[in-house]
Amino acid sequence: MKTRHVTFSPQASLSLRLFAGLIEEGRLRKGWTRNELAERVGVGVVTMRQVAKGSPRVAIGTYFEAAALVGVSLFTDDIDSLRREHDTQLERLTLLPKRVHRHPQEPIDDDF
């Protein structure tokens, strides 16, 4: 099977590496090995090594679970506030159109 190469913007790449560094810092502060964190997250140690490198190939849910376990804040640490914000965001989505229609002559700006 042919592997598809995806190029990320500099902001996305740097943000992912920053997030990975925060997770690694949290792991070290907890005194956990990568094996221990991998076990808690429910993934293999190879995947956890990829997280530590900031690999974009790792599922975002894996990053979020690792971050939550080591104490990296995701939006807010208060579950009630998180639920309220989620509900508010769902309400905003209901006000927006379900689909976006682009006029054919309108160029797509993909210059990062």
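Above this text you will find the structure in question.
Basis of the calculations
- All residue numbers here refer to positions counted from 1 along the written sequence of the relevant chain.
- Local features in this predicted model are restricted to residues of pLDDT 70 or higher, and side-chain atom pairs are both shown and tallied only at a pLDDT of 80 or more, whereas totals for entire chains, interfaces and linings draw on every residue.
- Here the side-chain values reflect all heavy atoms present in the structure, with hydrogen atoms and water set aside.
- Working definition: helices are DSSP H or I runs of at least four residues, strands are E runs of at least two. Numbering for both runs from the N terminus.
- Given a helix with a known number of residues, its expected span is that number minus one, times 1.5 Å.
- Think of it in three bands: residues with accessible area under 20% of the maximum for their type are buried, residues over 50% are exposed, and the middle band is partly exposed, with areas taken using a 1.4 Å probe on protein chains only.
- What the arc describes is the spread of directions from the helix axis to the C-beta atoms.
- Residue contacts are defined here by distance: any two heavy atoms, one from each residue, within 4.5 Å place the two residues in contact.

A. Up close: helix H1 (residues 10-30). A rise of 1.5 Å per residue sets the reference length of H1, with its 21 residues, at 30 Å; its end C-alpha atoms lie 30 Å apart and thus fit the reference within 8%. Every buried residue belonging to H1 is among Phe19, Ala20, Ile23, Glu24, Gly26 and Arg27, and all of these are buried. Seen along its axis, H1 keeps its buried residues to an arc of 160 degrees; they face one direction. Facing away from the buried side of H1 by over 90 degrees, the exposed positions are Pro10, Gln11, Leu14, Leu18, Leu28 and Arg29. Tucked into the core, H1 has its buried residues touching helix H2 (34-41), helix H3 (45-53) and helix H4 (60-70). Gly31 occupies a position one or two residues after H1 and carries a positive phi of about 75 degrees.

B. Seen up close, the environment of His86. Along the chain, His86 falls in helix H5 (residues 79-95). Accessibility expressed as a relative area gives 45% for His86, which makes it partly exposed. As for His86 and Lys30, which are separated by 56 residues in sequence, their C-alpha atoms are 29 Å apart.

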